[in-house]
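# Examining the three-dimensional arrangement
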Amino acid sequence: MTIYANSTRRYLLGLGCERGTDWNEVRMLAERAFQEVGIGSDQVLAIVSIDTRMDEPAILETATHFRLPARFFKAAALERETPRLKNPSEIVFAHVGCHGVAEAAALAAAGPDSELVLPKIKSGFATAAIARIA
């Protein structure tokens, strides 16, 4: 499910978090990610993650805060992105069935010609990554 860019929105924010993570932690990590890339939330198409987090309040509240849609991918779709990941993890694979969530979701949503402009960054219980649509 590639998400198509428009003239001003060319970025996808991938998020991952442990169950029960405080939404403020996820929001602050998202803000840090935007700052590191030098973009605002108005340049982001969506927040993306793994489908096992589609009911995770921290991700949903962060999407609501930034007024962005949230989209979710099955682990198998994220696993197909493994060759393009900067930080694949065997630990993540053991827990959720793919080698990365934030990077893989951002890349999967941005499409096959996309690139990571921000490899995975972490807070205590969350990860974020940003991909740009080619």
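Residues numbered from 1 in each chain as written. Predicted model: local features only at pLDDT ≥ 70, side-chain atom pairs only at ≥ 80, totals over all residues. Heavy atoms only, no water.

### Focus: the overall build of the protein
Applicable threshold: Where helices and strands are cited, they refer to DSSP runs of H or I of at least four residues and of E of at least two residues respectively, numbered from the N terminus. Here the radius of gyration uses the C-alpha set of atoms, whereas the globule reference equals 2.2 Å times the residue count to the power 0.38. Exposure is judged per residue with a 1.4 Å probe applied to protein chains only, and the accessible area is read against the type maximum: over 50% gives exposed, under 20% gives buried, and values in between give partly exposed.
Across its full length, the protein carries five helices and five strands. Along its sequence from the N terminus, the protein presents helices and strands in the succession β-α-β-α-β-α-α-α-β-β. Taken over C-alpha atoms, the radius of gyration comes to 13 Å for the protein, in line with the 14 Å a tight globule of 134 residues would show. With 134 residues in all, the protein has 49% of them scored as buried.

### A look at helix H1 (residues 23-37)
Under the convention used in this document: Multiplying one less than the number of residues by 1.5 Å gives the expected span of a helix. Whether two residues are in contact is decided by their heavy atoms: any pair within 4.5 Å suffices. Polar contact is defined as a pair of N or O atoms within 3.5 Å, subject to the rule that within protein one atom must be able to donate a hydrogen and the other to accept it, and that residues adjacent in sequence are counted only when both atoms are side-chain atoms.
Over its 15 residues, H1 runs 21 Å from end to end, which matches the ideal 21 Å to within 8%, given 1.5 Å per residue. The secondary structure elements touched by the buried residues of H1 are strand E1 (11-17), strand E2 (44-50), helix H2 (57-66), strand E4 (115-122) and strand E5 (126-132). The backbone nitrogen of Asn24 lies 2.7 Å from a side-chain oxygen of the residue at the head of H1, namely Asp22.

### As for the pattern of salt bridges
Quick note on the threshold: Every case where a carboxyl oxygen of Asp or Glu lies within 4 Å of a side-chain nitrogen of Lys or Arg is listed as a salt bridge.
For the coordinates displayed, the defined rule picks out seven salt bridges. Note that Arg27 is salt-bridged to Glu31, the shortest N-O span being 3.1 Å. Linking Arg27 with Glu31, this pair stays in helix H1, spanning four residues, or about one helical turn. A salt bridge links Glu115 to Arg132, with the nearest nitrogen and oxygen atoms 2.2 Å apart. Linking Glu115 in strand E4 with Arg132 in strand E5, this pair joins segments that are 17 residues apart in sequence. The class of Glu115 is partly exposed, set by a relative accessible area of 39%. Salt bridges linked by common partners bring Arg19, Asp55 and Glu56 together as one network.

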